[in-house]
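# Structural overview for review
Below, each chain spelled out in residue letters.
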Amino acid sequence: EDVTIPGASAIPGITARTASAIQYTIANDALYVTLPSAMNARIDVFDMQGRHITTLLSGFAQGSVELSLRKLQSGLYIIRAAQGMNSTMFRAAVHH
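Everything quoted here is computed from the prediction, not taken from an experiment.

Bringing the nonpolar core into the picture now. The biggest cluster of nonpolar side chains holds 21 residues, and the ones touching the most others in it are Leu31, Val33, Leu35, Ile43, Leu57 and Ile79. Elements supplying a minimum of two residues to this core: β3 (23-27), β4 (30-47), β5 (52-68), β6 (75-83) and β7 (86-94). Per-element accounting of this core gives the leading share, six residues, to β4. Filtering out sequence-adjacent residues up to four positions away, leucine 35 remains in contact with Ile22, Ala41, Leu57, Ala61, Gln62, Gly63, Val65 and Gln83.

See the structure below:
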């Protein structure tokens, strides 16, 4: 499945390829994630050198989740979302 990252905060022309049931979009300084199951999930943010910056979510979650990106400095990041056997990673640009 190809998922395009829409919105002004996304990197133009970047498409994330994922076989995961996790879906995401970025808009208005927020990350919107749709998780496929009701179970523990984890969403981590890394800089472009692979250093862990922060964990946006760690714990039980289900359905659609909105997570603020306002605490991140402007720049490029890798975001990894995982829940059970589903996981995805994608690049995101944060602009304030």
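Turning next to the pairing of β4. Where β3 lies against β4, five bridges are found, and the strand directions are antiparallel. Among the inter-strand pairings, isoleucine 26 is bridged to a residue of β4, identified as leucine 31. The antiparallel pairing of β3 with β4 creates a hairpin that spans two residues between the two strands, and asparagine 28 there sits at a positive phi of about 55°. Sheet topology places β4 next to β5; 14 bridges connect them, and they run antiparallel. Pairing of leucine 35 across the sheet is with glycine 63, part of β5. Sheet topology note: the β4/β6 ladder contains seven bridges and is antiparallel. Bridge assignment links arginine 42 to a residue of β6, and that residue is alanine 82.

Let's shift gears to the environment of alanine 38. Tracing the sequence through the fold places alanine 38 in strand β4. Classification of alanine 38 by relative accessible area gives partly exposed; the value is 46%. As a C-alpha pair, alanine 38 and glycine 84 span 46 residues in sequence and 9.7 Å in three-dimensional space. Those residues within four positions of alanine 38 in sequence are excluded, and the remaining contacts are Phe60, Ala61 and Gln62.

Another point: unusual backbone geometry. A positive phi angle, close to 55°, is found at asparagine 28, a residue other than glycine. With respect to the helices and strands, asparagine 28 occurs in the loop between β3 and β4. Of the residues examined, asparagine 28 reaches a relative accessible area of 65% and is grouped as exposed. A positive phi is found at aspartate 29, a non-glycine position, where the angle reads about 60°. Its location among the elements puts aspartate 29 in the loop between β3 and β4.

What counts and how
Residues numbered from 1 in each chain as written. Predicted model: local features only at pLDDT ≥ 70, side-chain atom pairs only at ≥ 80, totals over all residues. Heavy atoms only, no water. Core = buried A, V, L, I, M, F, W, Y, C linked by side-chain atoms within 4.5 Å. Buried < 20%, exposed > 50% of the residue type's maximum accessible area, 1.4 Å probe, protein only. Helix = DSSP H or I, 4+ residues; strand = E, 2+ residues; numbered from the N terminus. Contact = heavy atoms within 4.5 Å. Pairing = 2+ DSSP bridges.

Take it as geometry only, folks, not as evidence of what the structure does.
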